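The residues making up each chain are set out below.
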Amino acid sequence: MRRISCVESADEVLAKYWPRNCGEKYITARQACVDARAGRLNADAVRDAFVEAAKEASIFVNERSR
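Residues numbered from 1 in each chain as written. Predicted model: local features only at pLDDT ≥ 70, side-chain atom pairs only at ≥ 80, totals over all residues. Heavy atoms only, no water.

Novice: Explain the overall build of the protein here, please?
Specialist: Looking only at helices and strands, the protein has three helices and zero strands in total. Reading the helices (α) and strands (β) of the protein from amino to carboxyl end gives α-α-α. For the protein, whose C-alpha radius of gyration is 11 Å, the value lies close to the compact-globule estimate of 11 Å for 66 residues. Overall, the protein is about 30 × 25 × 15 Å in size when its C-alpha atoms are taken along their principal axes. The burial tally for the protein puts 29% of its 66 residues in the buried class. Summarising the internal contacts of the protein: among those between residues at least 6 apart in sequence, 46% fall at separations of at least 24. Just so you have it, the protein exposes about 4800 Å², and 48% of that area is on carbon and sulfur atoms. A gap of 5 Å separates the mean positions of the 12 positive and 10 negative side-chain charges of the protein. (Helix = DSSP H or I, 4+ residues; strand = E, 2+ residues; numbered from the N terminus. Rg over C-alpha atoms; globule rule 2.2 N^0.38 Å. Buried < 20%, exposed > 50% of the residue type's maximum accessible area, 1.4 Å probe, protein only. Contact = heavy atoms within 4.5 Å. Areas by Shrake-Rupley, 256 points an atom, 1.4 Å probe, with all protein chains shown as cover. Lys, Arg positive; Asp, Glu negative; His and termini not counted. Charge placed at Lys NZ, Arg CZ, Asp CG, Glu CD.)

Put into structure tokens, the structure is as follows:
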């Protein structure tokens, strides 16, 4: 279990620990991290993209701890 608390952590998990069978939502989440680091997207949008990618990969996300 991991707690993701910032854009950098989300990007690290996506890059290093994500299942190899990545899908379209994974790609969207990675791009969201890039956009957030460039100031084009806020952290909430990154979180939403990350959660969608996790669901796509059948990874449980506790959405209550927001």
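Next comes the rest of the account.
Novice: Looking at this structure, I do not really get the side chain of D11. What am I missing?
Specialist: With respect to the helices and strands, D11 occurs in helix α1 (residues 7-16). D11 has contacts with R30, C33 and R37, leaving out every residue within four places of it along the chain.

Novice: Would you mind showing me how to read the packing of α1 against helix α2 (residues 24-37) here?
Specialist: When two helices pack together, their arrangement is captured by the angle between the axes and the distance separating the axes. Remark: α1 packs on α2, axes separated minimally by 10 Å, with the N-to-C direction vectors making an angle of 145 degrees. Here the hand of the crossing between α1 and α2 comes out left-handed. Across the interface between the two elements, V7, E8, A10, D11, L14 and A15 of α1 pack against Y26, A29, R30, C33, A36 and R37 of α2. (Axes fitted to C-alpha atoms, helices over the stretch in contact; angles between N-to-C directions. Left-handed = near helix turned anticlockwise from the far one by under 90°.)

Novice: Is there a simple way to think about the packing of aromatic side chains in this case?
Specialist: Centre-to-centre distance and the angle between the planes together describe a pair of aromatic rings. One pass over the structure, following the stated rule, counts two aromatic pairs. On the basis of an interplanar angle of 70 degrees and a centroid distance of 5.3 Å, the ring pair of W18 and F50 is categorised as edge-to-face. One end of the pair, W18, is in the loop between α1 and α2; the other, F50, is in helix α3 (residues 43-56), and 32 residues separate them in sequence. Accessibility classification places W18 together with F50 in one group, the buried group. Connected via pairs of aromatic rings, a cluster forms that spans W18, Y26 and F50. (Phe/Tyr/Trp six-rings, centres within 6.5 Å; stacked < 30°, edge-to-face > 60°.)

Novice: What am I meant to see in the packing of α1 against α3 here?
Specialist: Contact geometry of α1 with α3 gives a least axis separation of 10 Å together with a crossing angle of 25 degrees. Between α1 and α3, the crossing angle belongs to the class labelled roughly parallel. α3 is crossed by α1, and the crossing has left-handed handedness. Residues V7, A10, V13 and L14 of α1 form the contact with α3, whose participating residues are A43, V46 and F50. Its residues placed into classes, the contact of α1 with α3 shows seven nonpolar, no polar and no charged. (Parallel < 35°, antiparallel > 145°, perpendicular 65-115°, else oblique. Nonpolar A, V, L, I, M, F, W, Y, C, P; charged D, E, K, R; others polar.)

Novice: Help me out: how do you make sense of the nonpolar core in this one?
Specialist: Among soluble globular proteins, nonpolar side chains are generally buried collectively. With 15 residues, the main nonpolar core has L14, W18, C33, V46 and F50 as its most contacted residues. Secondary-structure elements contributing two or more residues to this core are α1, α2 and α3. Setting aside residues no more than four positions away along its own chain, W18 makes contact with V13, Y26, F50, A53, A54, A57 and I59. (Core = buried A, V, L, I, M, F, W, Y, C linked by side-chain atoms within 4.5 Å.)

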